[in-house]
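The residues making up each chain are set out below.
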Amino acid sequence: MNIQVLPEHKLSSVAPLKQCNVEKKEVELILVKDQNGVQETWGKKIDFLLSVIGFAVDLANVWRFPYLCYKNGGGAFLIPYILFLVIAGMPLFYMELALGQYNREGAATVWKICPVFKGVGYAVIVIALYVGFYYNVIIAWSLYYLYSSMTAELPWLKCGNSWNSINCTDPQHINASFFDKNTSYANNKFTPASEYYERGVLHLHESKGIEDLGLPRLELTLCLVVVVFILYFSLWKGVKSSGKVWIDAATQIFYSLGAGFGVLIAFSSYNKFDNNCYRDAILTSAVNCITSFVSGFAIFSVLGYMAQKYNMDIKAVATDGPGLVFIIYPEAISTLPGSTFWAIVFFIMLLTLGIDSSMGGMEAVITGLSDDFKFLKRNRKLFTFATAFGTFLMALICVTNGGIYVLTLLDKYAAGTSILFAVLIEAIGVSWFYGVDRFSEDIEQMMGFKPGLYWRLCWKFVSPVFLLFVVIASTVTSSGLKYGDYEFPNGANLLGWGVAMSSMLFVPFYAIYKFFSVRGTFTERIAYCITPEHEYHKVAEGNVRQFKVRKTT
């Protein structure tokens, strides 16, 4: 590992450090920040880049982007997608990398620059936890499919298995005339691939709905245990309508790039102080989006093959989410020569995509909380185990007979509007309260140059305005939740909004707590809330950047 010690900076809140040499070890990075000022960094620059890219390039690139692109007009969708990438995604990706690298803190304690916004840090930690609950389940499904693929004949190739219903129809008997105008191949529940997924793996036919979940499935629970152990041993030491088009594009940008989850702040907090995070932001954003485009070509070549095979329009087979990667794609693979080999390769790909992203989310939680609570930092291994075990317990609800209903609910509400809201407040806190000019000076200290006018305008005006529009639009246009033909009851939708609000409410609740936890007059309390912690002495002197505090006699 490399240990870097930084020079003292006049305006920096980072502990003064200096360069020293330490014996190299096999570990990429040990995530411990000592109180004596020693700051450990990534062993190699490529370790950081691959970790960030591994987090950003996830299952959303495979199962969400291609379908959203198709559903919203193909090339027309790329216009808002690229626009949001340029004016919001990349600027805020750059902001989070710079914020973490300069302050050397996780998602919560990084807000020592403007303490009233610390609730944003807790909000993104909660969001990362929620996503981890169900993301690990999807990885467990992939592991189960990988194990099931290691046979001479793939189990979802034909009917006649113990899990198949009497309505199961072999693919060779299916064509366009098989469906009426209200159904399509993508939502047909009686193909061998669909029945294997819903009846053989999930046992969904044994559940009546989200109110009837049943007990955890043993085989999926065992797969979940394997996934959690992989995550633990990877982290216990360290990390090696037209309007609807715009909402979908914005959500996809932030969900895929990973801004707002606290992961970028956590990862970049272990960079060398003079690392060029501007170049990193451009590179990783470009790699992520190019991967989305390439995956779109791959996915639709398969969907086109399926449409031609069954002599139907491509819209009849197009779908997104688990249905794409656990039904449509496996069925297409089963028709290829050497299908067992291709199935194994495909599900290994899903495993690596999922584990990289899940590791990033857990690291955001561990770094964010251990930087805030020092006793957790001193007991990192135990805390990592507790976090991994906690996500395992919560994920058990998603491996029950009706677990897919819980997963669908979390997928919509856990990191939809809430993640956009968190990024909006983060942009306001950095740009308007800490200040774009001051933030630009921080970046200049690290890299020797200030961000250009374009980045400063995006941070202060363009990105917050667009994010505010999207948060409002996504809330107003939100509709009831469905899984196939099953419509969720109103209570489930209210529960979903409760999940979303449980993270967002950290922002106002912590702001209120901070205001009443400091002493002084009303104006002095406001000053303490918006002044960097290392400048609290200036408040006592009545010298605050935003305004003058009048001292009472």
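Since the model is a prediction, treat every value here as computed from it, not as a measurement. (Residues numbered from 1 in each chain as written. Predicted model: local features only at pLDDT ≥ 70, side-chain atom pairs only at ≥ 80, totals over all residues. Heavy atoms only, no water.)

1. Describing the overall build of the protein
- Per the secondary structure count, the protein includes 21 helices and 4 strands.
- A buried classification covers 59% of the 553 residues belonging to the protein.
- Here the protein has roughly 23,200 Å² of accessible surface; of this, 64% comes from carbon and sulfur atoms. (Helix = DSSP H or I, 4+ residues; strand = E, 2+ residues; numbered from the N terminus. Buried < 20%, exposed > 50% of the residue type's maximum accessible area, 1.4 Å probe, protein only. Areas by Shrake-Rupley, 256 points an atom, 1.4 Å probe, with all protein chains shown as cover.)

2. Observations regarding helix H10 (residues 277–309)
- Along its 33 residues, H10 runs 48 Å from first to last C-alpha, staying within 8% of the 48 Å computed at 1.5 Å per residue.
- Its side-chain oxygen placed 3.3 Å from the backbone nitrogen of Tyr278, Asn276 serves as the N-cap of H10. (Expected span 1.5 Å × (residues − 1). Polar contact = N/O pair within 3.5 Å; in protein donor to acceptor, adjacent residues only side chain to side chain.)

3. Section: the packing of aromatic side chains
- Summed over the entire model, instances satisfying the criterion amount to 50 aromatic pairs.
- Ring geometry for Trp111 and Phe117: centres 5.7 Å apart, planes at 35 degrees, overall tilted.
- On the accessibility criterion, Trp111 (2% relative accessible area) is buried.
- Among the residues examined, Phe117 registers a relative accessible area of 9% and is labelled buried.
- Look at Tyr145 and Phe326: their rings are 5.1 Å apart centre to centre, the planes differ by 45 degrees, and that puts the pair in the tilted class.
- Phe326 sits in the buried class, given a relative accessible area of 1%.
- Three or more aromatic residues joined by ring pairs make a cluster, and in this case those are Trp141, Tyr145, Trp156, Trp163, Tyr196, Tyr197, Phe326, Tyr329, Phe346 and Phe347.
- Directly above the ring of Phe515 sits Arg525, whose terminal nitrogen or CZ lies 5.6 Å from the centroid. (Phe/Tyr/Trp six-rings, centres within 6.5 Å; stacked < 30°, edge-to-face > 60°. Lys NZ or Arg CZ within 6 Å of the ring centre and 35° of its normal.)

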